[in-house]
Amino acid sequence: MLNRQIQKILTNNRSIILAYDHGMEHGPVDFNLKNVDPNYVLDIAEKGKFSAIALHHGIAEKYYSNINKVPLLIKLNGKTNIPKIEPISTQICSIKRAVSLGADAVGYTIYSGSTFERNMFKEFSSIVEEAHDYGIPVIAWAYPRGKYVKEAHSNKMTAYAARVALEFGADFIKLFYNGDEEGFKWVVKSAGKARVLAAGGSKAREPEFLKRTKEILRAGGCGLAVGRNVWQHENPLKMAKAIRSIVFENRSVDDALKSFN
Ligand code: FBP
């Protein structure tokens, strides 16, 4: 069952997840009059043939229904960026509730290195156990962060965060890619049998973003969990097509850029 569910969010062993949890993580500051509407982003997920859409449960309950064909990934924890304290993100949705809302997979952010890491480790451990009992895969947003983390985006720290998520049983691990393709190979190795997805980051120019995507795949990553570079794009479906052609069809960056013609 778990393996079948993992396959559901893969095409040719690759995956592109559309992330839309920013309303909680950053606030509506990331949105404009179009993409503030979850229906707009769900439509992109469907028409852009994404492997899954990542939502918090409140949005899933009001906007996602069984007519939606794109698999649903429910993010089980969350926080705002308002308190300037050590990073901690706590569980806000149970697996039972996620499953009742139609979740095909669940996600959880772990800030390894935070002085609160033990709280997240404890919750994540139970989440993996329960999700796997239900036969659904778990995606870890693995972000080293906190006052003791000096270089959060270094290969060393990213590889450590990847390994921690593997040790806890994550099936997919979402990580920051710092632009060092060789270094990312070690990060991917450290993630072992867990599949590596790279985070998209703030909006970049298309050639730059697509080049990064190519590098991530060459280093052994299985795809992306991307948000702003798609739904903040003036033509999200063209962007989705360009990303798909690289991730699923192994096209070159130059070929992918033809999607914008
Ligand atoms: P983007 O591709 O838009 O960066 O989304 C990826 C993501 O991990 C989101 O799922 C999340 O809301 C956000 O980035 C978190 O970013 P940060 O922790 O850097 O604020």
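The present account deals with the structure reproduced in this document. (Residues numbered from 1 in each chain as written. Predicted model: local features only at pLDDT ≥ 70, side-chain atom pairs only at ≥ 80, totals over all residues. Heavy atoms only, no water.)

Brief notes about the site of the ligand
Basically, it comes down to this: Throughout, near means a residue has at least one heavy atom within 4 Å of the molecule or strand. Identification of polar contacts relies on pairs of N or O atoms within 3.5 Å, with a donor-acceptor requirement for protein atoms, meaning one able to donate a hydrogen and the other able to accept it, and with residues adjacent in sequence counted only if both atoms are side-chain atoms. For every accessible area listed, the method is Shrake-Rupley and the probe measures 1.4 Å; residues are considered covered only by the protein chains on display. The way it works is a 1 Å grid over only the protein atoms, where trapped points that fit a 1.4 Å probe form a cavity and open points with protein on both sides within 12 Å along at least five of seven lines form a pocket, and then any residue with an atom within 4 Å of a point lines it. For this analysis, a molecule is said to be in a pocket or cavity if more than half of its atoms are within 2 Å of the grid points defining it. Residues are grouped as follows: nonpolar covers Ala, Val, Leu, Ile, Met, Phe, Trp, Tyr, Cys and Pro; charged covers Asp, Glu, Lys and Arg; every other residue, Gly included, is treated as polar.
With respect to spatial proximity, 14 residues lie near the ligand, and among them His22, His26, Tyr143, Lys174 and Arg228 are the closest. Between an oxygen atom of the ligand and a side-chain N or O atom of Tyr143, the distance comes to 2.5 Å. Here an oxygen atom of the ligand and a backbone polar atom of Gly200 are 3.3 Å apart. Burial of the ligand by the protein chains amounts to 86% of its free accessible area of 470 Å². Comparing atom positions with the cavity grids shows the ligand to sit within the largest pocket. Across the shell around the ligand, the residue classes break down as 4 nonpolar, 5 polar and 5 charged.

Thoughts on the pattern of salt bridges
Side chains carrying opposite charge are able to pair once their charged atoms draw close together. Note the following rule: Any carboxyl oxygen of Asp or Glu that lies within 4 Å of a side-chain nitrogen of Lys or Arg is treated as forming a salt bridge with it. Numbering of helices and strands runs from the N terminus; a helix is a DSSP stretch of H or I covering at least four residues, while a strand is a stretch of E covering at least two. Accessibility here uses a 1.4 Å probe with only protein chains present; expressed as a share of the type maximum, an area under 20% marks a residue as buried, one over 50% as exposed, and anything in between as partly exposed.
Summed over all chains, the structure comprises 12 salt bridges. The partner of Asp21 in a salt bridge is Lys75, and the shortest N-O contact between them spans 3.3 Å. With Asp21 in the loop between β1 (15-19) and α2 (22-25) and Lys75 in strand β3 (residues 72-75), the pair connects residues that are 54 residues apart, well separated along the chain. You can call Asp21 buried: its relative accessible area is 7%. With relative accessibility at 0%, the residue Lys75 sits in the buried group. Close ionic contact of Lys203 with Glu234 constitutes a salt bridge, the shortest N to O distance being 4.0 Å. Taken together, the positions of Lys203 in the loop between β9 (195-199) and α9 (206-218) and Glu234 in the loop between α10 (228-231) and α11 (236-247) put the pair 31 residues apart, joining distant regions of the chain. According to the relative accessible area criterion, Glu234 is exposed, its value standing at 61%.

Focus on the side chain of Lys79
Selection rule: Charged residues are defined here as Lys and Arg on the positive side and Asp and Glu on the negative side; His and the ends of the chain fall outside this count. Working rule for contacts: check all heavy atoms of both residues, and any pair within 4.5 Å makes them a contact.
Looking at the element boundaries, Lys79 is found in the loop between β4 (77-78) and β5 (90-91). No salt bridge is formed by the buried Lys79, whose closest oppositely charged neighbour, Glu25, lies at an N-O distance of 4.3 Å. Excluding anything up to four places from it in sequence, Lys79 contacts Met24, Glu25, Ile88, Ser89 and Tyr111.

Structural notes on unusual backbone geometry
The backbone of Asn13 shows a phi angle near 65°, a positive value even though the residue is not glycine. By the element assignment, Asn13 lies in the loop between α1 (2-8) and β1. At Lys49, a residue that is not glycine, the phi angle is positive and equals roughly 55°. For Lys49, the location among the structural elements is in the loop between α3 (38-47) and β2 (52-55). Judged by its relative accessible area of 56%, Lys49 is exposed.

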